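Structural features, examined
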Number of protein chains: 2
Amino acid sequence: MNSPYSGESASPYSSDQSIGVPSPPTVVAAFNRPYDAIHHDGPYINILEQPQSKFRFRYKSEMVGTHGQLKADRAEKNRAAFPTVKLSKWNSGPAVIRLTLYTAEDNINQRKRHVHELSGKNCNKETGICEVVVDEKSDYTAVFQNLGIIHIAKRDTREIIKQRKLEELMTLARVRKPHHSNEEIRRSITPTDLKKIDEEAEEEAKSMDLNKVVLRFQAFQYDKNIESYRPITLPVDSDVVFNLKNATTGELKIVRMSACSAPCTGGTEIWLLVEKVRRNNVHIKFFELDENDREVWKAYGEFADADVHHQYAIVFRTPRYRVTNLSTSVRVKVQLERPTDKDTSEALDFTYLPDSLKRPRINLENTLEEGKPHFSDLPPAKRFNISSYTNEAIDLSNNSKLPLVFVNS
Amino acid sequence: MNSPYSGESASPYSSDQSIGVPSPPTVVAAFNRPYDAIHHDGPYINILEQPQSKFRFRYKSEMVGTHGQLKADRAEKNRAAFPTVKLSKWNSGPAVIRLTLYTAEDNINQRKRHVHELSGKNCNKETGICEVVVDEKSDYTAVFQNLGIIHIAKRDTREIIKQRKLEELMTLARVRKPHHSNEEIRRSITPTDLKKIDEEAEEEAKSMDLNKVVLRFQAFQYDKNIESYRPITLPVDSDVVFNLKNATTGELKIVRMSACSAPCTGGTEIWLLVEKVRRNNVHIKFFELDENDREVWKAYGEFADADVHHQYAIVFRTPRYRVTNLSTSVRVKVQLERPTDKDTSEALDFTYLPDSLKRPRINLENTLEEGKPHFSDLPPAKRFNISSYTNEAIDLSNNSKLPLVFVNS
DNA sequence: ATATGGGGAATCCCCACAG
DNA sequence: TAATGGGGAATCCCCGTGC
C-alpha cells in the first residue's frame, strides 16, 4: 500500500515538471515547430539544423577510435554543418540544453526514452545524455558537433530499461517521502512493483525499434532555491534519424544496372546490383514525369523472391510502357522503392525504345547450335531483344520461377 | 624446480602412452591408411567412411533444436551414410573408440586438440569428445551417426585452451607424484608454469583455424590392472572437414550467369550471381578438355575488385579463346576457382562463337538516341555482341575500373 | 599517425519445408 | 512437431584512404 505506484497519480510519469530534475524529462512535446508554440508564452527551443536522416549507429564494441559525427541534414561534403538548436524568447542568463535520445513512434505521445546513447563531447558516459550551456555570448544557440549514436545491443535492452524504471520509481518515492532514508525508500518498493517493472521493461524492450531515434531537446536553468535544474521549455523532438546499417532503414541504392534501355513492350531481363535490400521489401519502380515533374505514369519491374540474390542483386523484367506503338524512344526513370517506409533510391534514367517487332527482323539462327531453341520459341518480347549469345541466361537455382531460355546439360 | 614442466621429458606431451588415460590421446598418427600400418604388428583403426568434406559448424547458440548430422563423404541424398571406422586386427573383447576433434595442419605432427566440440549421441557434453563401444557383435565397427560440430566462439578459445593445458599439467604432475595430495599438486604449479601456459594458449588460440577440423580416432580398452582405459591403437585422422558457412572454406557456386556464350574474341561483359566469395580470393576460369578429359586450354575472366559486389555478384569480361578464327562454335567450361585452397565450383558449359566481325554487320543506329555513342565507338569485341538496348551497362559506383559504355546524366 | 567511412567476418536467430 | 537446411539479422572487427 505504500508502494510508489499506489500514489494519487495513475502513472509515475505524470508528476509535475517542476520538481524532478535532472532526471530525464519525461513530458512529451505537444509541438515540434516553433510556431506551434506561439500560443505558449514562455521560451521555447527552435531547431535550426535538423540532424541528417541516415547515420550509422555504432555498437559499443566499435567505439575504439572514432567514426565520424552526426551532421546536419543539409550539410554539404565540403561545408559541414551540425544539428543546431536555439533557445528562443529567453534572456535570463545561462541555461543548459539537454539532448536525449527518444524512440521514434509516429505518435509523439508514445515516444519513450531510447536505450541508445549519445557519445562525444558534452555527453555523459553513464547516461548517454548530452548537455551544453548556452548564454548571451552564444546567442543561446547550441551546436551539437561531435555526436555519435551508440547502438545498444538488443540483448541488453531489457535490463537497461528495467534499471531505469527502478531508478525512476525510487526518485519518485524520494520526492513523495523526502524524510525517508534510502534504505526505507528501497524497501518501499514492493515485489508487485518489481514484477510490474519487469513486465513493462520486457514489453518496451520488445517493441523498441533499435534502428531509429529522435533527438529530444529541452532547456533547463539552475534554480538556487531548489538547488537543482528545472526545465524552462517543453521538450522538442528532431526529425527521425535512421540507422544506416540496416536493410529496413538503410539507404536504397542501385549500384549497377545491366542495361538502361529496353523495348516499350516490356519483358526484357535486366540485372541490378543493389545495396542491402530485403526480398519482400523492395520494388523496382519505373515512372515518367511531365514537364512540371508530376508523375504521369508508373509501373513495376517483375521478379520473384528467388530473383533477389542475397540482398545484393535483383534480376527482373521490365514492365510494358504505357504506350507500345512508340515511333521514337522515350526517357523515363527507374528507382528502388521500399514499401515499408516508402523510401526510394536515387532515380536513374531509362529509355523505352520503339517496339522491336516493327523493325526489320534479323535472322541469326545460323549462329546457333543445334539443340538450342529457336528465337521463335521465345516469347515475343524476348524474340528480338538481344542477339543470340547474350540472350542466353542460365539459372542454376532450382527454385526460380522464371522460365529458362537454355538449360545446361 | 619441482614444476611439472621441469621433469626429464622436454614436453609434457611426450610421456608414454601407457599411463595417461582417459585424458585425450595426444600422440599423433604416423599413418592415415590401414596399409600404412601393415608393418605395425598390433591392431589399428581403419576408416571405412570418411566424413563429408563440407559441413556447417554450429555455434552453441544454434544448438536449440537440431540441424542435421555429419554424413559420410560418399553419402547419397537418398541413401545416407555416416563416418565409419573399424578396429582391425583385434579380437580381445569390447573396446572403446574415441573420436576427438583436432586441428587440420598439413603436417600431421603439428596438429593439436581443437577447441571445437562434437555433439550428439555418445558425446560428452563437457569435453565434446565422442566415445562408442565396439565388440564382436558389431564386427568391431563404429558408425558415427548423429555427429554435429560445435563452433566455439573465437573469444572463448584462449581461455579454453588455457584450462586444458592446466588440466594436462596437473594430470602429469599427479602421475609423477602419485603420493601428493591435490592441494600439493596444485601448489606445485609455479607462476612460471602459468605464464608459459598463458603464452602458449594465446599463441595456439591465435593460430587455430576455426573453419577446419579433422576427426581423430583412437581405440582403448579397459585394463583391470590399472583400473582405467589404455590405448590399443595409434590415433588416426580423417580427411579435413571444412566449415560450410565461411567464405574461405565454403562451397564455391555459380548460381546464375547472364550469358553462356560469347564470341571467341573475348571481352564480352557477363554477370554472375555467386555464393559468398571474397574479392581477392576468386577467379573465373574458362577451360577446355580433350576427349580424355585432359585440360588443353585455360584462361581467366577479367574483372577488378570493384566488379565483385558484396561477395555475391561478379561482373567480368570473357577471355579470348585460344583460336579466334573459328568457323563453328566451341563448347568449353567455366567455373569459379579459389586460389587459397585450389577449390573449384561445379563447371558450367560455355560456348565460344565464331568471330562476330565475320558475320554481316547490322546497323541499328537509327534506334539510338542522339547523344549516345555509336557502335563504332565501342571496342570491336563489343561492337556486335548485343543489340542497342542491351549493350548498355551503367555503373554508378565511382570506383569502377572498367570504361563505361553510357553514362547517365 | 588519427579521423572517417565502409566491407565483411563472426555470431546468432529464426523461417520454410518435408516429413 | 521435431529434424533439416538455409538466409539473413545483429554484432563486432578491421582495412584503405586522406590528413
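A brief look at the structure comes next. None of these values were measured; they are calculated from a predicted model.

Describing the sheet that holds strand S6 (residues 117-119) of chain B
Either a parallel or an antiparallel arrangement is found when strands of a sheet pair, and the pairing is made through backbone hydrogen bonds. Residue and element names in this part refer to chain B. What the three strands build is an open sheet, ordered S3-S9-S6; its pairing is mixed. The sheet is open, and its two borders are formed by strand S3 (58-59) and S6, each paired with just one other strand. Pairing geometry for S3 and strand S9 (residues 148-151), over two bridges, is parallel. Paired with Tyr59 across the bridge in S9 is His151.

Section: the sheet that holds strand S1 (residues 44-49) of chain B
Residues and elements named next belong to chain B. Taken in spatial order, the three strands of this open sheet run S1-S4-S8, and their pairing is antiparallel. Strands with a single pairing partner mark the edges of an open sheet, and in this sheet they are S1 and strand S8 (141-143). Taken pair by pair, the neighbouring strands of this sheet meet at an average axis angle of 20 degrees, ignoring direction. Relative to strand S4 (residues 84-88), S1 runs antiparallel, the two sharing five bridges. In the sheet register, Glu49 faces S4, and the bridge partner there is Thr84.

A few points about unusual backbone geometry
Residue and element names in this part refer to chain B. Even without glycine at this site, Asn122 takes up a positive phi of about 70 degrees. On the secondary structure map, Asn122 appears in the loop between S6 and strand S7 (130-134). Positioned with a positive phi, Asp139 is a non-glycine residue whose angle comes to about 55 degrees.

Here's the deal with the protein's contact with DNA strand D
The environment of DNA strand D is made up of 23 residues, and the closest members are Glu62 and Lys154 of chain A together with Arg56, Thr66 and Lys245 of chain B. For DNA strand D, the fraction of atoms within 4 Å of the protein that belong to sugar or phosphate moieties is 56%. A distance of 3.4 Å separates a sugar or linking oxygen of DNA strand D from a polar side-chain atom of Ser61 of chain A. Contacts to DNA strand D include His151 of chain A, whose side-chain N or O atom sits 3.5 Å from a phosphate oxygen.

Quick notes on the side chain of Arg113 of chain A
All names here are of chain A. With respect to the helices and strands, the residue Arg113 is situated in the loop between strand S5 (95-102) and strand S6 (117-119). No salt bridge is formed by the buried Arg113; its nearest oppositely charged neighbour, Glu168, is found at 6.6 Å. A distance of 2.9 Å separates a polar side-chain atom of Arg113 from the backbone oxygen of Thr127.

The rules behind the values
Residues numbered from 1 in each chain as written. Chains lettered and ligands numbered in written order. Predicted model: local features only at pLDDT ≥ 70, side-chain atom pairs only at ≥ 80, totals over all residues. Heavy atoms only, no water. Pairing = 2+ DSSP bridges. Helix = DSSP H or I, 4+ residues; strand = E, 2+ residues; numbered from the N terminus. Axes fitted to C-alpha atoms, helices over the stretch in contact; angles between N-to-C directions. Near = heavy atom within 4 Å. Polar contact = N/O pair within 3.5 Å; in protein donor to acceptor, adjacent residues only side chain to side chain. Buried < 20%, exposed > 50% of the residue type's maximum accessible area, 1.4 Å probe, protein only. Lys, Arg positive; Asp, Glu negative; His and termini not counted. Salt bridge = Lys/Arg side-chain N within 4 Å of Asp/Glu carboxyl O.

By themselves, these observations are geometric and do not establish any function.
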